[in-house]
Amino acid sequence: MPDRRSKSANGTRSQAFDLDRLETPIGLALLVTDADGVLRALDWEDYAPRMQELLRLHYGTVILTEARAPKPMRAALAGYFKGDLASLATIPWRVNGTSFQQKVWSALPKIPAGTTLSYGALAARLDSPNAMRAVGHANGSNPISVVVPCHRLIGANGSLVKYGGGLERKRWLLRHEGVEI
């Protein structure tokens, strides 16, 4: 695959990704993929500025070009929203981040659909029992909504807390997966 990074006139790097849109029951999803067809971001159209800021933080200057996401990815996401919750596991994804962020993001898909975990419980699973705030920060910096299921993290008292796509979407996603809220 060709290298889609280039240097700008001032010497900073830029990264080129493709941008597609997918209609879902909870709004228009923005899919950002790389030249290999790997998911780099998934967010909601009404949260596009948040997604662009997360892309900038993870990759520097990002150039988005309108292009269709790979068919299997689109089919897996459509399948998820139609009830095939396991289809998310088939979607390849990659994101830049610190080693701790990577640890958190890799742990999120291991929380089974239909279940939730508190920030503190995830911190304990990562052998960092006092790092619940760091887990929360990493969770909030996750640019790949739904596929890297940050919506499955809840407060220690069972309350819904923070979701980059809005609490109503978080509530919908959890109910869709069978969680009673």
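Residues numbered from 1 in each chain as written. Predicted model: local features only at pLDDT ≥ 70, side-chain atom pairs only at ≥ 80, totals over all residues. Heavy atoms only, no water.

A look at the layout of surface pockets
Roughly 350 Å³ of volume is contained in the largest pocket. Lining of the largest pocket is provided by 20 residues; of these, Tyr119, Gly136, Asn139, Gly140 and Lys162 occupy positions nearest its centre. When residues of the lining of the largest pocket are traced back to their parent elements, those giving at least two are strand 4 (39-44) and helix 5 (132-140). Here the element with the most residues in the lining of the largest pocket is helix 5; it accounts for five residues. Residue composition of the lining of the largest pocket, by class: seven nonpolar, nine polar and four charged. (1 Å grid on protein atoms, 1.4 Å probe; cavity = no way out; pocket = protein on both sides within 12 Å on 5 of 7 lines; lining within 4 Å. Points joined across faces, edges and corners; volume = space filled by probe spheres on them. Helix = DSSP H or I, 4+ residues; strand = E, 2+ residues; numbered from the N terminus. Nonpolar A, V, L, I, M, F, W, Y, C, P; charged D, E, K, R; others polar.)

Points about the pattern of salt bridges
In this structure the tally under the stated criterion is eleven salt bridges. In this structure, Arg74 and Asp20 form a salt bridge, with 2.6 Å as the shortest nitrogen-oxygen distance. Taken together, the residues span a long stretch of sequence, with Arg74 in helix 2 (residues 71-81) and Asp20 in strand 2 (residues 13-24) at a distance of 54 residues. Across the pair, exposure class does not vary: Arg74 and Asp20 are buried alike. When the shortest N-O distance is used, the salt bridge between Arg56 and Glu53 registers 2.6 Å. With a gap of three residues between them, Arg56 and Glu53 both fall in helix 1 (residues 48-59), about one helical turn apart. Connected via shared salt-bridge partners are Asp20, Arg68 and Arg74. (Salt bridge = Lys/Arg side-chain N within 4 Å of Asp/Glu carboxyl O. Buried < 20%, exposed > 50% of the residue type's maximum accessible area, 1.4 Å probe, protein only.)

Some points on the nonpolar core
With 45 residues, the main nonpolar core has Leu77, Leu108 and Leu122 as its most contacted residues. The residues contacting Leu122, other than those within four sequence positions of it, are Val104, Ala107, Leu108, Leu117, Val135 and Leu153. (Core = buried A, V, L, I, M, F, W, Y, C linked by side-chain atoms within 4.5 Å. Contact = heavy atoms within 4.5 Å.)

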